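Here is what each chain is made of, one letter per residue.
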Amino acid sequence: MPEPTRSPLAGLHAAHGVAMADYHGALLPPRFSDAVAEHHAVRQSAGFFDFSFRSLFALNGDDRIRFLHRMVSNDIKKLSPGKGTYATLLNAQGHIVVDFRVYCTEDRLLIDTDADLRDKAMQALGRYIIGDRVQLEPVDSGVLAIQGPQSQTFLQRALKAAMPLAQEYDHATVILSGKTVRVVRATSTGEEGYEIWAEAAALPVIWESLCGASSPDHLPSCGFEALESLRIEAGIPRYGPDMGEDTLPLEAGLLNALSFNKGCYVGQEIVERARSRGHVNWKLSGLIIRAAEAPAPGEKLRSDEKEIGEVTSSCVSPTLGKTIAMAYLRREVTEPGTKLTLTSGAEAEVASLPFYQRPTSSASA
């Protein structure tokens, strides 16, 4: 395994005595103070995250849109500059090689994925470039994120301007703390959220201006432990724990990554076959667990002495006050309310995903 990348904010975090740990290919703070308090700050107002576990590369060249459109599961040709989408790159068996977001600009496509997936994504796409006028190029950048129902308000104050990003994955370049940055509307928590992409060297200045002691709003800093509990409550799967090269997009519920009328792409026949059949044999589902501690990933689930599932991600939910998990279950036991048993003996009840949805009144236009 490659060594995790170092956050551009590592020196700043170390100066404040913040510990670091590996999260999806980057060394990041698990928490800044108390993970539960950080979780509640995001649900109630907004929190600021070091998202250095995300990484960018670009597709350049005249054939970039046509090439990527025939490679991935979503519609790339429909994108105009300032728009983006979520997509998967599949293998011939329809399994997920990598997932990523695609952002269209005037002169290139930007691909945003986990730091531990960027090289894999570039290599996988590169194998299909045969006579296409397409070049793949890593982009040296870093990313911060504001998540929470008040995130737009905080960001507009910092920008001293309105934030005209109406839809998920809309993006625009703006000036923030004297630096040119790209702001993307994207949630990782189920709340309204924004990511700030900038040159790595600019991140400490932006971080201090938004959540440092001298910041007038002083956004709370949040670590990846809170990010994990927030995204599990929101039922957002992540590559690695919840999906991988043995997973079909429909098994993981990735309808937002699929276009069913764009035409052919790698793995499309398998996806269409599963859709026309009306079901998949396994489904990523929610569980409410009667236990004080969250089960470990990989713990098996049983029904009538038969093994029928496996836990992928779990936490004790600060919002719900319950132990929750996501798990792959056989389709015959995915009905909400179905009672199951973990190998530990704990009882579990199937629940609909997401566990948490923000009230519509807190959503911004």
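Higher on the page you've got the structure.
Values in this document were obtained by computation on a predicted structure and should not be read as measured data.

What follows is about the nonpolar core. With 70 residues, the main nonpolar core has Leu-59, Leu-68 and Phe-100 as its most contacted residues. The element contributing the most residues to this core is strand S7 (residues 96–104), with seven residues. Filtering out sequence-adjacent residues up to four positions away, Leu-59 remains in contact with Arg-64, Phe-67, Leu-68, Arg-108, Leu-109, Ile-111, Leu-125, Val-134, Gln-135 and Leu-136. Formed by 25 residues, the second largest nonpolar core is a distinct cluster that contains Leu-155, Leu-203, Leu-210 and Leu-219.

This brings us to the pattern of salt bridges. What the rule picks out here adds up to 23 salt bridges. Across the pair Arg-238 and Asp-114 runs a salt bridge whose closest N-O atoms are separated by 2.6 Å. Here the residue Arg-238 occupies a position in the loop between helix H7 (224–233) and helix H8 (268–277), and Asp-114 occupies one in strand S8 (residues 109–114), the gap between them amounting to 124 residues.

Here we come to the sheet that holds strand S2 (residues 21–23). Think of a sheet as strands paired side by side through backbone hydrogen bonds, with each pair either parallel or antiparallel. Pairing is mixed in the open sheet, where three strands are placed in the order S1-S3-S2. Two strands close off the open sheet at either side, each with one partner strand: strand S1 (5–6) and S2. Where S1 lies against strand S3 (residues 26–28), two bridges are found, and the strand directions are parallel. Bridge pairing links Thr-5 to Ala-26 in S3. Against the sheet, H7 touches S2 and S3, its axis set at about 30 degrees to S2.

A word on the sheet that holds strand S9 (residues 135–139). Reading across from one edge, S6-S7-S8-S5-S9 is the order of the five strands in this open sheet, with antiparallel pairing throughout. A single partner strand is all that each edge strand has here, and the edge strands are strand S6 (84–90) and S9. Adjacent strand axes in the sheet meet at a mean angle of 30 degrees, parallel and antiparallel pairs treated alike. Where S6 meets S7, seven bridges bridge the pair, whose relative direction is antiparallel. Its bridge partner being in S7, Thr-85 is matched across the sheet by Val-102.

Rules of the game
- Residues numbered from 1 in each chain as written.
- Predicted model: local features only at pLDDT ≥ 70, side-chain atom pairs only at ≥ 80, totals over all residues.
- Heavy atoms only, no water.
- Core = buried A, V, L, I, M, F, W, Y, C linked by side-chain atoms within 4.5 Å.
- Buried < 20%, exposed > 50% of the residue type's maximum accessible area, 1.4 Å probe, protein only.
- Helix = DSSP H or I, 4+ residues; strand = E, 2+ residues; numbered from the N terminus.
- Contact = heavy atoms within 4.5 Å.
- Salt bridge = Lys/Arg side-chain N within 4 Å of Asp/Glu carboxyl O.
- Pairing = 2+ DSSP bridges.
- Axes fitted to C-alpha atoms, helices over the stretch in contact; angles between N-to-C directions.

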